[in-house]
Amino acid sequence: MTGELTDDEDLDEVSPPVTDRPPRPWSRRLTTFAVACGLVIGAAALTLEVEEQRDRDQRSLIVAEQERLQRIETVLTADDAVSRSTTTEDGARVSTVFSAEHHAAMVTYSDLPDIDPKQTYQIWRVRNEQPRSMRVLAADAREGTALVLDLADGDAISFTVEPEGGSGQPTGDIVVALRLN
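Residues numbered from 1 in each chain as written. Predicted model: local features only at pLDDT ≥ 70, side-chain atom pairs only at ≥ 80, totals over all residues. Heavy atoms only, no water.

Participant: Go over the overall build of the protein chain with me, naming the residues and quoting the values.
Facilitator: Counting its regular elements, the protein chain contains two helices and eight strands. Traced from its N-terminal end to its C-terminal end, the protein chain shows the element sequence α-α-β-β-β-β-β-β-β-β. Contacts in the protein chain between residues far apart in sequence, at least 24 positions, make up 54% of those at least 6 positions apart. Of the roughly 12,400 Å² that the protein chain leaves accessible, carbon and sulfur atoms contribute 53%. (Helix = DSSP H or I, 4+ residues; strand = E, 2+ residues; numbered from the N terminus. Contact = heavy atoms within 4.5 Å. Areas by Shrake-Rupley, 256 points an atom, 1.4 Å probe, with all protein chains shown as cover.)

Written out as structure tokens, the structure reads:
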């Protein structure tokens, strides 16, 4: 046979269907390489996106901290800043610098008495005898500072001992309280 088709020969008999051919080793390798490249590119793109999100989150934290520090500086240097402090019989100390113009106070607290580990201190703003939670402190917090916002003339800051995670309304005795002006 010379490789030419005659009228008696069927095309299917001369050349087997393409699907019946076993894949060539270089074809499998090329497919595997292409899949591996796709996975590497996908992993690199995902890693890049995660890193970019982490950078955006970090920048947001930095901006928020800068704004907080600016607010603190504004309160501490305000023309109307009023400073108050008190010490309880058991040695707990609370100091405030309050600016009515900025509706904020910088609160510094120290030597808060030790409490049960399943309890926490909670800071309240008291206005017209109505308490409003301003911050729940970490369970082991005995000293620190807090920028407290949404304040007005005549408000007081108080600290209570509450169940872990804080309360919607004060449930414990007031440990220390201080009128802002």
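Right, picking up where we left off after that structure.
Participant: Requested: an account of the pairing of strand β3 (residues 104-110), with residues and values cited.
Facilitator: In terms of residue burial, β3 counts as a mostly covered element, since six of its seven residues are buried. By the bridge criterion, seven bridges tie strand β2 (residues 93-99) to β3 in an arrangement that is antiparallel. Counted as the bridge partner of V97 is M106 from β3. What sits between the antiparallel neighbours β2 and β3 is a turn of four residues, in which H103 has the positive phi angle 55°. In terms of strand pairing, β3 meets strand β6 (residues 144-149) through six bridges, oriented antiparallel. Pairing of Y109 across the sheet is with G144, part of β6. (Buried < 20%, exposed > 50% of the residue type's maximum accessible area, 1.4 Å probe, protein only. Pairing = 2+ DSSP bridges.)

Participant: How would you sum up the sheet that holds strand β1 (residues 82-87)? Please name residues and give values.
Facilitator: Strand order in the open sheet formed by four strands is β1-β2-β3-β6, with antiparallel pairing between adjacent strands. In this open sheet, the two strands that pair with only one neighbour each are β1 and β6. On average, adjacent strands in this sheet sit at an angle of 15° to one another, irrespective of strand direction. Across six bridges, β1 lies against β2 in antiparallel orientation. Bridge pairing in β2 links S85 to S95. (Axes fitted to C-alpha atoms, helices over the stretch in contact; angles between N-to-C directions.)

Participant: So what about unusual backbone geometry? Which residues, and what values?
Facilitator: With the exception of glycine, the majority of residues adopt a negative phi angle, and the majority of peptide bonds are in the trans configuration. With a phi angle near 55°, H103 is a residue other than glycine that sits in the positive phi range. Along the chain, the position of H103 falls in the loop between β2 and β3. Take H103: its relative accessible area is 43%, and that puts it in the partly exposed class. Backbone geometry places D111, a non-glycine residue, at a positive phi of 55°. Here D111 shows up in the loop between β3 and β4 (119-127).

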